[in-house]
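Spelled out from the first residue to the last, the chains are:
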Amino acid sequence: MNQPILRPYYIQVSMYLIDNQHEIDSGISRREPSKSDSLNITMIDFQSHETITLKMAFLTPISSSYLPRLYSRLSAHDAAAEAKSMVCLSNAYSLLHRTSTCKAGFSSHLEKSESYYFKVSSSVTDFSTPEVPVESSIVKGDTWSIHKFGGTCVGTSQRIQNVANIVMEDSSERKLVVVSAMSKVTDMMYDLIEKAQSRDDSYELALDAVYEKHKLTALDLLDGDELASFLSTLSLDINNLKAMLRAIYIAGHGTESFSAFVAGHGELWSAQILSSVLRKGGIDCNWMDTRDVLIVTPAGSNQVDPDYEESEQRLDNWLLKNPSKVVVATGFIASTPQNIPTTLKRDGSDFSAAIMGALFRARQVTIWTDVDGVYSADPRKVSEAVILNTLSYQEAWEMSYFGANVLHPRTIIPVMQYDIPIVIRNIFNLSAPGTKICREPITVIENEENQKFETYVKGFATIDNLALVNVEGTGMAGVPGTASAIFGAVKDVGANVIMISQASSEHSVCFAVPEKEVKAVAKALEAKFRQALNAGRLSQVAVIPNCSILAAVGQKMASTPGVSATLFNALAKANINVRAIAQGCSEYNITVVVKREDCVRALRAVHSRFYLSKTSIAVGVIGPGLIGATLLNQLRDQAAVLKEKSKTDLRVMGIIGSKKMLLSDSGIDLFKWKEHLKEKGEKADMEKFVHHVHGNHFIPNTVLVDCTSSTNVADHYHDWLHTGIHVITPNKKANSGPLDKYLKLRALQRQSFTHYFYEATVGAGLPIMHTLRDLLQTGDKIIRIEGIFSGTLSYIFNNFVDTRAFSEVVMEAKAAGYTEPDPRDDLAGTDVARKVIILARECGLNLELSDIPVQSLVPDPLKETASVDDFMQQLPSFDSDIATKRQAAEDAGEVLRYVGVVDVKNQKGAVELQRYKKQHPFAQLSGSDNIIAFTTERYNKQPLIVRGPGAGAEVTAGGVFSDILRLASNLGAPSY
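Residues numbered from 1 in each chain as written. Predicted model: local features only at pLDDT ≥ 70, side-chain atom pairs only at ≥ 80, totals over all residues. Heavy atoms only, no water.

### Observations regarding the overall build of the protein
The criterion, for reference: Only DSSP runs of H or I reaching four residues or more are called helices, and only runs of E reaching two or more are called strands; each is numbered from the N terminus. Burial classes: relative accessible area under 20% of the type maximum marks a residue as buried, over 50% as exposed, and values in between as partly exposed (1.4 Å probe, protein chains only). By the convention used here, residues are in contact when the closest approach between their heavy atoms is within 4.5 Å. Computed with a 1.4 Å probe, the accessible areas rest on the Shrake-Rupley method; for each residue, only the protein chains presented here act as cover.
A count of helical and extended segments in the protein gives 31 helices and 41 strands. Counting across all 976 residues of the protein, residues that qualify as buried make up 53%. Of the contacts made within the protein by residues no fewer than 6 positions apart, 70% connect residues no fewer than 24 positions apart. Carbon and sulfur atoms provide 49% of the accessible area of the protein, an area that totals close to 42,800 Å².

Here's what the structure looks like:
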């Protein structure tokens, strides 16, 4: 006898026992049986799980007009004996139609009074002589290309036509096109089942909506025989579904195979519509119901495993019967080895395409979607995320596991064994090349300047809403089976472990689980280890909620030193605390656990650090006065250059003055900030301002720039640094204020990864603090610092020559804008004293401002003068005193200069009017230049001189700007 060929033939019915009879409410047949067929039916009692197998032989021909009488032998295994009887089925619609209703009466041990609900499955065995395959007609290999179009791609009639155009324009010799159901249809089908199970009569209206959606789509795209054929099939399918849903409605229960069969109709309809559209366009095309080809077996955890051997055999049979160079196949659906409809579960259509790619040994699998490719990070969280040209299979696998919108990890498995590349492309942007996933990806990429560099980290992904569970105790160390017991308990409650981290000492094990499952996990662990906890062998089972995972992925990470260091350095500089770390020996990914509220900021920080995007800094400017306004203008003029040259994005998120502030969620327009502050500004609120600038999670780094001279603002520096906000300022009040506050501020700066830069506090735009810091850090010892630190007083004494009166020069300096509004603020020498204190403290001298003797140039009688005008009017009457000093200096061949001195050797400082020979560098100044001389052990005979403009808004703002760029460099921006 010839070996039987199993053909798909399903009866899925709801059965219940009434008066000792099994009544079959509905069923599905998928071809007309012949007399040579035998029908095997399996019924499973859902209460007792008893299995009843019926084998029916078709003894008479079947037609649509003939009601057959079928006889069969009932075979049911019993513990006592095997009962046999004859069963008569009657009142059946022809099996030629898609629905049959019939009654079956039984005798034997099935006579029970209670009701039964049954799932019935069947297959037809054909004992006719099989056709001999023609091997040469089956073509596989790289002549085939696979295309998969998701629900969004076939969501409307216009989009289906676009898909058809793409398929027709593909130059591949042979094409298989896998399609999903139209957008939202699968959800609609599952909703039908839910409504029917809940005995909600609205399932009928919902089914009508499904019918109308597909009918209208067909009317838009098809005509003639193709339209008539599809509408006939659609109507027949809808009637079958109504019968099935009615059965579910009566039973109040739908089996998994019922659900799979109903849900899969969306793919059947979209495949038939697309194949008709292609034929209308002149393409010889067949459509494939993949339930006839793909065979899968359940694999647990809502997954299935393909049976490649059986599927390949069925595919060969299908291709023999349906020779075609273009095939449109259904995604998502398949069959079990028993020919029962099932699905490929989550992301099933992508999985279908990958399996088909493997079965056909295709050249390439293209997944068409609505994004340009795989991004280096979630573009909703990192606006500067870039499309990756290539990924390895392992990289794509890792990124998808950690939540990246790539592919389901199982999708990659079928194509890996044949090195078939997967290409992710955007159906709405055909000009985008997409992302290629293959065995050996290209790691060398070009930047905007066409410079090539190698990337070691391909991308970053995050998982939110997690909790850490930490099991720790000294009794765990060296005890075999502890980890097994822990994760056995977790498995028993059905929780999914996302990440595991264990110290080498075995003192503790921590792991991440979804937050919704953590209570059950903690309860199970406490129950499992109650004795160990009570005895003290375990100290605690701790839960840390509100966590997120951040994963860095890259195949080249394994062979590249320093990747982990760079990652953690970037997190530290963004003030992100890492709670747990995990890394496999393959080093395809490094995984860290952070606070949920820090996750986006952490993602932005590491993404910037690896140059996949710009180094972004949120800037808040405090004090938009002369210096602040000048700084904003400089930022405006240089922003484009910084983005292009150093990939630095300085985004001003807020500006605050004494009365008003201006806030922005995306960045203030620096061309119109004055108008917007005036017209749209709100009442100044420092707390709200800081929270806004720092609370923007889309920018990982925050800097507040204090351009005021306010002590109140300076008092906030410590709190800002403590919360991870960088501070830059020309304001001298913090560094020259009370010593204890200064020491506390500097200690915090050194302990944290936040930066506090204040170059402009001493020399405006001159690199005085930078020079001093370099000398100290390289081991030089400072002996003395002496200089003209005031641009105002430098101008005054540079022009106080010949017979000019001192008051005249002061009035000239005031008119030129060199002095403060009240010139006494300059002449009193307090500003110079503050600079001396700042330098002295930088050298390690713990001096207070009161420790610095200051020689004031304000005459004592004028110190209490009420107004500036009165002061200026009375100042000439005191010219003679200082004129006498000038004359004495000139007689000795010297000049007068107002200087500040830091005597490190004797641990003191002073601000005073001194005389210098005309050959001395201090006597060579002009205008408002500053000059500072560093006498050190290295520069002992010839002091190190720093000289240049030391006053004016432009140079001071430039010094502040320089500090901002220094901060950007420390945060990862490349130099240029």
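### Section: the packing of helix 16 (residues 626-646) against helix 31 (residues 953-970)
Our working rule: Angular values range over 0 to 180 degrees, each being the angle between N-to-C directions of two axes fitted as lines to C-alpha atoms, with helices fitted over their stretch in contact. Should an angle lie under 35 degrees it is considered roughly parallel, over 145 roughly antiparallel, and from 65 to 115 roughly perpendicular; all remaining angles are considered oblique. Handedness of each helix crossing follows the sense of rotation of the near helix against the far helix: counterclockwise by less than a right angle gives left-handed, clockwise gives right-handed. Amino acids are sorted into nonpolar (Ala, Val, Leu, Ile, Met, Phe, Trp, Tyr, Cys and Pro), charged (Asp, Glu, Lys and Arg) and polar (every other residue, Gly among them).
Where helix 16 meets helix 31, the closest approach of the two axes is 9 Å, and the angle between their N-to-C directions is 50°. Relative to helix 31, helix 16 is oriented oblique. Considering how the two elements wind past one another, helix 16 and helix 31 form a crossing that is right-handed. Residue-level contacts link Leu626, Ile627, Thr630, Leu631, Gln634, Leu635, Gln638 and Leu642 of helix 16 to Ala953, Glu954, Thr956, Ala957, Gly958, Val960, Phe961, Ile964 and Leu965 of helix 31. Each residue belonging to the contact of helix 16 with helix 31 can be placed in one class, and the counts come to 11 nonpolar, 5 polar and 1 charged.

### Comments concerning the sheet that holds strand 29 (residues 589-595)
Going by this rule: Pairing between strands requires that DSSP locate at least two bridges from one strand to the other.
The sheet built from 6 strands is open, its strands ordered 25-26-24-27-29-28 with antiparallel pairing. Each end of this open sheet is capped by a strand with a single partner; those strands are strand 25 (499-502) and strand 28 (578-583). On average, each strand axis in the sheet is inclined to that of its neighbour by 30°, with strand direction left out of account. Here 7 bridges tie strand 27 (residues 540-553) to strand 29, and the two strands are oriented antiparallel to one another. Of the residues in strand 29, the one forming a bridge with Ala551 is Thr591. Along the sheet, helix 12 (residues 518-528) contacts strand 24 (459-472), strand 26 (508-514) and strand 27; its crossing angle with strand 24, the most-contacted strand, is approximately 30°. Helix 14 (residues 563-573) rests against strand 24, strand 27, strand 28 and strand 29 of the sheet, and its axis sits at about 15° to strand 29.

### Observations regarding helix 15 (residues 599-609)
The periodicity of an α-helix, 3.6 residues per turn, causes residues three or four places apart in sequence to face the same way. The element helix 15 is extensively covered by neighbouring structure, given that 11 of its 11 residues are classed as buried. Those residues of helix 15 that fall on the buried side of the exposure criterion are Cys599, Val600, Arg601, Ala602, Leu603, Arg604, Ala605, Val606, His607, Ser608 and Arg609. On the buried face of helix 15, the contacting elements are strand 24, strand 27, helix 14, strand 29, strand 30 (615-622) and helix 31.

### Let's talk about the packing of aromatic side chains
For the record, the criterion: A pair of Phe, Tyr and Trp rings is counted when the ring centres sit within 6.5 Å of each other, with Trp represented by its six-membered ring. The angle between the planes then sorts it: under 30 degrees is stacked, over 60 is edge-to-face, the rest tilted.
Counted by the stated rule, this structure contains 12 aromatic pairs. With a centroid separation of 5.8 Å and 40° between ring planes, the pair formed by Tyr203 and Tyr249 is classed as tilted. Of the two residues, Tyr203 sits in helix 3 (residues 203-221) while Tyr249 sits in helix 4 (residues 224-251), which places them 46 residues apart along the sequence. This pair shows no difference in class: Tyr203 is buried, exactly as Tyr249 is. Geometrically, the ring pair formed by Tyr916 and Phe922 is tilted, given 5.1 Å between the ring centres and 55° between the ring planes.

### Observations regarding the sheet that holds strand 31 (residues 648-656)
Read across the open sheet, the 7 strands follow the order 33-32-31-30-34-35-36; overall the sheet is mixed. Because the sheet does not close on itself, it has two edges, and the strands there are strand 33 (682-683) and strand 36 (756-757). Bridging between strand 31 and strand 32 (residues 660-663) involves 3 bridges; their strand directions are antiparallel. Opposite Ile655, over in strand 32, you have Leu662 as the bridge partner.

### Examining the side chain of Ser376
To be explicit about the condition: In protein, a polar contact means a hydrogen-donor-capable atom and an acceptor-capable atom, both N or O and within 3.5 Å, with residues adjacent in sequence counting only if both atoms are side-chain atoms; elsewhere, any N or O pair within 3.5 Å suffices.
Inspection of the secondary structure assignment puts Ser376 in the loop between strand 18 (364-369) and strand 19 (390-392). For Ser376, a relative accessible area of 0% translates into the label buried. Here the side chain of Ser376 touches His607 through a polar contact of 2.7 Å, side chain to side chain.

### Structural notes on the pairing of strand 14 (residues 303-306)
Burial along strand 14 is one-sided: Val304 and Pro306 are buried, and none of Gln303 and Asp305, which face the opposite way, are. Note: strand 13 (residues 296-300) against strand 14, 4 bridges, orientation antiparallel. When the sheet's bridge partners are listed, Gly300 is paired in strand 14 with Gln303.

### A closer look at the nonpolar core
For clarity, the cut-off: Working definition of a nonpolar core: buried Ala, Val, Leu, Ile, Met, Phe, Trp, Tyr and Cys residues. They are joined through side-chain atoms within 4.5 Å.
Residues Ile785 and Phe797 are the most contacted members of the largest nonpolar core, which totals 69 residues. The leading source of residues in this core is helix 28 (residues 830-842), at 7 residues. If we ignore the near neighbours within four places in the chain, the residues touching Ile785 are Leu772, Leu839, Cys843, Gly900, Val901, Val902, Ile932, Ala933 and Phe934. Grouped together as the second largest cluster of nonpolar side chains are 59 residues, Val304, Ala404, Met416 and Ile422 included.

### What to know about the pattern of salt bridges
To keep it simple, the criterion reads: When a carboxyl oxygen of Asp or Glu is within 4 Å of a side-chain nitrogen of Lys or Arg, the pair counts as a salt bridge.
Tallied over the full model, the rule gives 37 salt bridges. Here Lys140 and Glu312 are joined by a salt bridge, their closest N and O atoms 3.2 Å apart. Of this pair, Lys140 sits in the loop between strand 9 (118-126) and strand 10 (144-149) while Glu312 sits in helix 7 (residues 308-321); the two residues are 172 residues apart in sequence, bridging distant segments of the chain. Between Arg773 and Glu842 there is a salt bridge; the shortest N-O distance is 3.7 Å. Placement of the pair is Arg773 in helix 24 (residues 768-777) and Glu842 in helix 28, with a sequence separation of 69 residues. Pair check on accessibility: Arg773 and Glu842 agree, each one buried.

### Regarding the packing of helix 3 against helix 4
The N-to-C vectors of helix 3 and helix 4 enclose an angle of 165°; their axes lie 11 Å apart at closest approach. Judged by the angle between their axes, helix 3 and helix 4 are roughly antiparallel. Crossing of helix 3 over helix 4 shows right-handed handedness. The residues of helix 4 that touch helix 3, namely those facing Tyr203, Leu207, Asp208, Tyr211, His214, Lys215, Ala218 and Leu219, are Leu227, Phe230, Leu231, Leu234, Ser235, Ile238, Leu241, Lys242, Leu245, Arg246 and Tyr249. Tallied by class, residues from the contact of helix 3 with helix 4 come to 13 nonpolar, 2 polar and 4 charged.

### With respect to unusual backbone geometry
Unusually for a residue other than glycine, Asn546 sits at a positive phi of about 55°. Tracing the sequence through the fold places Asn546 in strand 27. Given a relative accessible area of 36%, Asn546 falls into the partly exposed group. The residue Asp802 is not glycine, and still its phi comes out positive at about 55°. Tracing the backbone through its elements, the reader meets Asp802 in the loop between helix 25 (791-799) and helix 26 (806-815).

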